[in-house]
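Architecture and fold: a report
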Amino acid sequence: MPLDFANLRNDREHALLLACCRARVRDADMAAQRRHATGLDGPRFLALVERHLVAPLVWHNLRQHPEGTFAADLMAALAASYRENAFSELAVTRAAVRLHHQLSEADISHCILKGLPIGERYYGDAGLRQAGDIDLLIQPTMLDRACSQLADAGYRTCNAIDHFTPRQRSYFLFTDNQLEFEAPDSGTVIELHWRPLQLPSSLAGLDLSAQTNRWAVADCRIPFLDDEETLLHLCAHGAKHAWYRMKWVFDLPNVLESREWDWPALRAKAQHYRCERELLLGLAVAEALSGWEVPATVQPWLDELDAPGRYFSFIAQALTRPDRWMNTPAGIFKRNRYLARFNDGVDCWLYHLATFATHRRDWELLPLPDALFPLYFLLSPFTNTWQI
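Here goes a summary of the coordinates provided. (Residues numbered from 1 in each chain as written. Predicted model: local features only at pLDDT ≥ 70, side-chain atom pairs only at ≥ 80, totals over all residues. Heavy atoms only, no water.)

**With respect to the nonpolar core**
To be explicit about the condition: Buried Ala, Val, Leu, Ile, Met, Phe, Trp, Tyr and Cys residues form a nonpolar core when they are joined through side-chain atoms within 4.5 Å. Here the term buried applies to any residue with accessible area under 20% of the maximum for its type, exposed to any over 50%, and partly exposed to those in between, with areas from a 1.4 Å probe on protein chains only. The contact criterion used is simple: two residues touch if any of their non-hydrogen atoms lie within 4.5 Å.
Of all hydrophobic cores here, the largest spans 87 residues; its most connected members are F250, L281, I315 and Y338. L281 has contacts with A239, W243, L305, A307, Y311, F312, I315, Y338 and F342, leaving out every residue within four places of it along the chain. Of all hydrophobic cores here, the second largest spans 41 residues; its members include L99, L150, F164 and I190.

Shown next as C-alpha cells:
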C-alpha cells in the first residue's frame, strides 16, 4: 500500500482517479487519463471509485474519450453507477425540499452543509457529486423544536436523546454535534447538526442568518453556506476525517477554482473560526493531489505548515487502507495522534478528554441518576477497552 503522496501519484489506478478530479476537465487531465489507460487494472480501479464515492465525476471525465480508450466493462459499470446516483439524487432532493418547507413553516433557521448544493454551485451539475445524506445545520436552541418537527413528519431516529437525564443530555450535546434521522419513504439519512463540526471551537459562532447562498430547486431556495464558509467547512471536515475519501479531496479544486479569493481575508476568517490549520492543510492537499496551482500569497503559509512532513503520511494511509483500518487499535492510536495536532487551546484538549471520559453507551449499559453521574468516569477505562 502507498504510504506517501509520491507513491500514490505513481500508482496507475490511484493516478487515474486523481486525474478525474475536476468537473471542468482540462487538456492536461485528458492527457493524463489517456496515459494511465494503458495497462489499467479495471477491477481495482472500479473498487477505488466505489470506495471513494466518486463514480459520477469519474464517468463524466472518462466518457469524453473515444470509445475503446477504456475497457467496455469498466465504462458500463461506471455508467450504471452514474445512473444509480441520479436516482439517489432525486430522493435526496425531494427529502431536502420537504425538510426546507417543514422547518421554514416552523420558523426554524437552517442551512445545508456540503451535499448536492456543492455539486450545483461548484461542479456545475449536482449530479456529478455522489449523493449521500443531508447535513442540516440549525441553531442549538432550535434542536428540540426541529426534532419534534421531524418526528411529526415520520422521520425515525435510532439515537434519540429524549430519554437522557439532564446531565447526560448536557454532556452529549457538548461531545457530539448531530443526530441521525431516516426519511420515512426513501430511507434518506438526515444528519441534524447543532454545530458544524464535533470540535466545539471549530467554526463556532457561525451566523446562519448571514449566509446568502441559495440552492434553487423545485420552486424554493434552500440556504447553504457562503463560499468562504463552505471552503472552511470542507477543509475542517476533511481534516477531521484525514481526507480518507477522494470525494472530499475532489471538492477542493472544484471549489478553489470556481472564483477569485481574497486570501488574507480568508485566512483571517479561518483564524476567527479557529480552523486556520485545517484550511492550510486543505490547500496543501489540493496542491499535492489535484495539482491546484498555489497562489504566491499562500505558498509561504504552506511552507510554514510543512504538511508533507507532519500530515501527509497518515493521510496517505487513511486514503489507501480499508475503511475499517481507522477503527483498529493501530488506526485509533495514529488518528488520535494526528488529530491532537489540531488542538489549539485548553478547551480543545478538554473536549477530547470528555469524549473518552464517558459516552452514551456507558449510560445505556448502566443507567444512573444524575447525582451519581461522576461514577461513569470510573467505568470508562473498562468500557473503552471493551469497545476497542
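**Re helix α10 (residues 227-240)**
For the record, the criterion: Only DSSP runs of H or I with at least four residues qualify as helices, and only runs of E with at least two residues qualify as strands; both kinds are numbered from the N terminus onward. Helix span, expected: 1.5 Å multiplied by one less than the number of residues in the helix.
If you check α10, its first and last C-alpha atoms are 20 Å apart, about what 14 residues at 1.5 Å a residue would give, namely 20 Å. Phi turns positive one or two residues past the end of α10, at A242, with a value near 55 degrees.

**A closer look at a nonpolar patch on the surface**
Defined as follows: Note that patches include only residues with greater than 30% relative accessible area and no salt bridge, and the join distances are 9 Å for like charges and 5 Å for nonpolar side chains (Val, Leu, Ile, Met, Phe, Trp, Tyr). To measure how exposed things are, a 1.4 Å probe is used in the Shrake-Rupley method; for residues, cover is taken only from the protein chains shown. Counted as salt bridges are all cases of a side-chain nitrogen of Lys or Arg within 4 Å of a carboxyl oxygen of Asp or Glu.
Taken together, the side chains of V346, L350 and L353 define a hydrophobic patch exposed on the protein surface, amounting to about 320 Å² of accessible area. Among the secondary structure elements, L353 is positioned in helix α18 (residues 346-357). Looking at L353, the relative accessible area reads 55%, which means it is exposed.

**Things to note about helix α5 (residues 55-62)**
Burial of α5 is extensive: 8 of the 8 residues sit out of reach of the surface. Taken as a whole, α5 has its buried residues at A55, P56, L57, V58, W59, H60, N61 and L62. Structurally, α5 contributes buried residues whose contacts are with α2 (12-18), α3 (27-37), α4 (42-52), α6 (72-105), α7 (116-123) and α11 (246-256).

**Concerning unusual backbone geometry**
Even without being glycine, D107 reaches a positive phi, approximately 60 degrees. Here D107 shows up in the loop between α6 and β1 (110-113).

**Some details on the packing of helix α13 (residues 276-290) against helix α16 (residues 312-320)**
As a reminder of what qualifies: Lines fitted to C-alpha atoms define the axes, with helix axes restricted to the stretch in contact, and inter-axis angles between N-to-C directions lie between 0 and 180 degrees. To sort the angles, those under 35 degrees are grouped as roughly parallel, those over 145 as roughly antiparallel, those from 65 to 115 as roughly perpendicular, and the leftovers as oblique. Should the near helix be turned anticlockwise from the far one by less than a right angle, the crossing is left-handed, and should it be turned clockwise, the crossing is right-handed. Residues are sorted three ways: Asp, Glu, Lys and Arg are charged, Ala, Val, Leu, Ile, Met, Phe, Trp, Tyr, Cys and Pro are nonpolar, and all the rest, Gly among them, are polar.
At a minimum axis separation of 12 Å, α13 and α16 run at an interaxial angle of 65 degrees. Relative to α16, the element α13 lies roughly perpendicular. Both α13 and α16 take part in a crossing whose hand is right-handed. Judged by residue contacts, L281, A284, V285, A288 and L289 of α13 engage F312, I315 and L319 from α16. Residue composition of the contact of α13 with α16, by class: 8 nonpolar, no polar and no charged.

**Considering the pairing of strand β6 (residues 220-223)**
Quick note on the threshold: Here the rule is simple: two strands pair whenever DSSP picks up at least two bridges between them.
Inspection of the sheet shows strand β5 (residues 214-217) paired to β6 by 4 bridges, in the antiparallel sense. When the sheet's bridge partners are listed, V217 is paired in β6 with C220.

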